[in-house]
Amino acid sequence: MEVAMPFAQIAHGVNTRLIQLEDRLVEEWRNPQGNAPEPIIIEESDRQQAPEHLYVIWSEWTGLSQYERSKIVLNAYERVRGRNFALNVTLAMGLTSDEADRMGIEYAPLE
């Protein structure tokens with residue numbers, strides 16, 4: 001008799017704050033507000049195709065785990081650019097400005 005391996009997944013309750021942050025990030029990605037200082041969205045790639053690294057610098061991340069932040073960034077990116085582009089992403093990070101400074105992430109506005 002074959003015994004099935006028990007598989008499970010972590011069940012998270014619905015967190016309305018996470019949903020709201022994702023929706024706000026999607027809106028900013030689709031319709032950037034030039035007068036808003038945050039969020040700062042950085043799409044980085046060594047190729048001419050879809051970005052491989054995504055960084056979102058935003059004070060709204062305070063109090064959220066890196067897992068929650070990354071999930072929001074990647075979900076928002078997929079909603080905006082589509083699944084095919086999202087599959088190229090190898091790093092999706094949500095950082096506060098202090099965290100970005102400590103990591104040495106330097107950025108300048110696009111012109």
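Everything below is about the structure printed above this text.
Below you will find a few notes about this structure. Computed from a predicted structure; not experimentally measured. (Residues numbered from 1 in each chain as written. Predicted model: local features only at pLDDT ≥ 70, side-chain atom pairs only at ≥ 80, totals over all residues. Heavy atoms only, no water.)

1. Some remarks on helix α1 (residues 16-30)
What counts here: For helices the rule is a DSSP run of H or I covering at least 4 residues; for strands it is a run of E covering at least 2, with both sets numbered from the N terminus onward. Multiplying one less than the number of residues by 1.5 Å gives the expected span of a helix. In this description, contact between two residues means that some pair of their heavy atoms is separated by no more than 4.5 Å. Polar contact is defined as a pair of N or O atoms within 3.5 Å, subject to the rule that within protein one atom must be able to donate a hydrogen and the other to accept it, and that residues adjacent in sequence are counted only when both atoms are side-chain atoms.
With 15 residues, α1 should reach 21 Å at 1.5 Å per residue; the first-to-last C-alpha distance of 21 Å fits that figure. Looking at the packing, one finds that the buried side of α1 touches β1 (40-44), β2 (53-57) and α2 (66-81). With a side-chain oxygen positioned 2.9 Å from the backbone nitrogen of Arg17, the residue opening α1 is Asn15.

2. Details of the side chain of Glu52
Looking at the secondary structure, you find Glu52 in the loop between β1 and β2. Look past the residues within four positions of Glu52 in its chain and what remains in contact with it is Glu44, Ser45, Asp46, Arg47, Asn88, Val89, Thr90 and Leu91.

3. Quick word on the sheet that holds β2
Defined as follows: Any two strands between which DSSP finds at least two bridges are classified as paired. Angles here are taken between N-to-C directions and fall from 0 to 180 degrees, while the axes themselves are lines fitted to C-alpha atoms, restricted in helices to the stretch in contact.
Overall, mixed pairing links the three strands, which are arranged β1-β2-β3 in an open sheet. Looking at the sheet topology across the chains shown, the edges are occupied by β1 and β3 (91-95). In this sheet, adjacent strand axes meet at a mean angle of 10 degrees when their direction is disregarded. Of the strand pairs in this sheet, β1 and β2 are connected by five bridges, and their pairing is antiparallel. Pairing of Glu43 across the sheet is with Leu54, part of β2. Sheet strands in contact with α1 are β1 and β2, and its direction is about 70 degrees off that of β1. Packing of α2 onto the sheet brings it into contact with β1, β2 and β3, and relative to β3 it is tilted by some 120 degrees.

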